[in-house]
Amino acid sequence: MRTQIIEHPLVAHKLTLLRDRNTPSPVFRQLVDELVTLLAYEATRDVAVREIDVVTPVAPTKGLSLAYPRPILVPILRAGLGMLEGMSKLLPTAEIGFLGMKRDETTLEAHTYANRLPDDLSGRQCYVVDPMLATGHTLIDAVNYLLERGARDVTCVCLLAAPEGLRNLEEAVGDRADVTIVSAALDERLNENGYIVPGLGDAGDRLYGIVD
Ligand SMILES: O=P(O)(O)OC[C@H]1O[C@H](OP(=O)(O)OP(=O)(O)O)[C@H](O)[C@@H]1O
Ligand SMILES: O=c1cc[nH]c(=O)[nH]1
Ligand SMILES: [Mg+2]
């Protein structure tokens, strides 16, 4: 598994605003949208391309174009949905699937309550978006779900990651080179409730204003 923490002043600036408990949901949603686009640029470095012929107003030439089959974006509902627009702006022709997953706040295990994805993912590059990598249970289940269906590679784009979550994911996935984690920051730790410290709170609640 490869892990990439993005160091960039704009990423840091937007993340600080996201962390601020006083940032209201509409602004929080806008910031998530802007931040994921910055991360998507890095996260798609290995997206498959192929050479095609193209004719410019001046002369015929050859150019690189996104290969087929198109990559698949997989937002993890609820909070991952806040990252979908930002990601699809960079990959407008990507297919979009969905996984609905909710963490049981007592056991911290993840439960999948919805999925809308092709059963056969062979040869497909998958880009999972979920703002938080806390214990890692959600992403471990999501990555396994995609790999079990034949995904060619899985790149997870997160806003915050906890060391515990990265460790658990590393343990579950091992040294497969076809799983990559891209995050805007690596935070200190998880607290006793499984929340990232300092974190930004519950990403889904911050995005959608629901305090469950
Ligand atoms: O790494 P983990 O310990 O699994 O925690 C991370 C997950 O927790 C939050 O989702 P939540 O289950 O709160 O659902 P929501 O996205 O609908 O808020 C967050 O959106 C991640 O999906
Ligand atoms: O800090 C955390 C941990 C899990 N899920 C969140 O949304 N935030
Ligand atoms: Mg979630």
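Scroll up to find the structure this text is about.
I will try to describe carefully the structure that is included in this document. None of these values were measured; they are calculated from a predicted model. (Residues numbered from 1 in each chain as written. Chains lettered and ligands numbered in written order. Predicted model: local features only at pLDDT ≥ 70, side-chain atom pairs only at ≥ 80, totals over all residues. Heavy atoms only, no water.)

**Structural notes on the packing of aromatic side chains**
Defined as follows: Only Phe, Tyr and Trp rings are paired, with Trp represented by its six-membered ring, and only when their centres lie within 6.5 Å; those with planes under 30 degrees apart are stacked, over 60 edge-to-face, the remainder tilted. When the NZ atom of lysine or the CZ atom of arginine is within 6 Å of a ring's centre and also within 35 degrees of its normal, the charge is said to sit over that ring.
The final tally for this structure, using the stated rule, is zero aromatic pairs. Between the NZ or CZ atom of R70 and the centre of the ring of Y68, over which it lies, the distance is 4.1 Å. Of note, R149 hangs over the ring of Y145, and the distance from its end group to the ring centre comes to 3.5 Å.

**Some details on the nonpolar core**
Where we set the bar: Among buried residues, the Ala, Val, Leu, Ile, Met, Phe, Trp, Tyr and Cys ones that are joined through side-chain atoms within 4.5 Å form a nonpolar core. Three exposure classes are used, based on accessible area relative to the maximum for each residue type with a 1.4 Å probe and protein chains only: buried under 20%, partly exposed in between, and exposed over 50%. Note on conventions: DSSP H or I runs of at least 4 residues are helices, E runs of at least 2 residues are strands, and numbering of each starts at the N terminus. In what follows, a contact means two residues having at least one pair of non-hydrogen atoms within 4.5 Å.
Grouped together as the largest cluster of nonpolar side chains are 37 residues, with contacts concentrated most on L18, M87, L91 and V157. By residue number, the principal contributor to this core is helix α2 (residues 25-43), which donates eight residues. If near-sequence neighbours (up to four positions away) are discounted, L91 is found in contact with T44, V47, L66, P71, L73 and Y127. Counting residues in hydrophobic clusters, the runner-up holds 29 residues, among them I72, V74, A142 and V179.

**Things to note about the site of ligand 2**
Using the following cut-off: Whether a residue is near a molecule or strand depends on its heavy atoms: if one lies within 4 Å, it is near. For the purposes of these results, a polar contact is taken to be a pair of N or O atoms within 3.5 Å, where, inside protein, one atom must be able to donate a hydrogen and its partner to accept one; residues adjacent in sequence count only when each atom of the pair is a side-chain atom. Surface exposure here means Shrake-Rupley accessible area, sampled with a 1.4 Å probe, where a residue is shielded only by the protein chains that are shown. Two kinds of site are reported from a 1 Å grid over the protein atoms alone, namely cavities, where a 1.4 Å probe fits but cannot get out, and pockets, open sets with protein on both sides within 12 Å along at least five of seven lines, and residues are called lining when an atom falls within 4 Å of a point. Think of it this way: a molecule belongs to a cavity or pocket when more than half its atoms come within 2 Å of the grid points there. Gly falls in the polar group here, along with every residue not listed as nonpolar (Ala, Val, Leu, Ile, Met, Phe, Trp, Tyr, Cys, Pro) or charged (Asp, Glu, Lys, Arg).
Near ligand 2, the surroundings consist of R103, M132, A134, G194, Y195, I196, G201, D202 and A203. Between ligand 2 and I196 there is a distance of 2.9 Å, counted from an oxygen atom to a backbone nitrogen or oxygen. The contact in question runs from an oxygen atom of ligand 2 to an N or O atom on the backbone of A203, over 2.8 Å. For ligand 2, whose unbound accessible area comes to 240 Å², protein coverage reaches 89%. The cavity where ligand 2 resides is the largest pocket. Of the residues in the shell around ligand 2, the class split is five nonpolar, two polar and two charged.

**Concerning unusual backbone geometry**
Leaving glycine aside, a negative phi is the common case for residues, and trans is the common case for peptide bonds. At the junction of L77 and R78, the peptide bond is cis and its omega measures out at 5° in the coordinates. Here R78 is to be found in the loop between β4 (72-77) and α3 (84-90). V197 connects to P198 through a cis peptide bond whose omega is -5°. Within the secondary structure, P198 sits in the loop between β13 (196-197) and α6 (203-208). Residues other than glycine seldom take positive phi values, yet L108 does so here, at roughly 65°. Counting through the fold element by element, L108 comes out in the loop between β6 (98-103) and β7 (110-116). Residue classification places L108 among the buried residues on the basis of a relative accessible area of 17%.

**What about the environment of A94?**
With respect to the secondary-structure elements, A94 resides in the loop between α3 and β5 (95-96). Looking at A94, the relative accessible area reads 11%, which means it is buried. Sequence separation between A94 and A161 is 67 residues; the distance between their C-alpha atoms is 25 Å. Dropping the residues within four chain positions of it, A94 is found in contact with R70, P71 and L73.

**As for the environment of T107**
For T107, the location among the structural elements is in the loop between β6 and β7. The class for T107 is partly exposed, based on a relative accessible area of 47%. Between the C-alpha atom of T107 and that of E170, which follows or precedes it by 63 residues, the distance is 21 Å.

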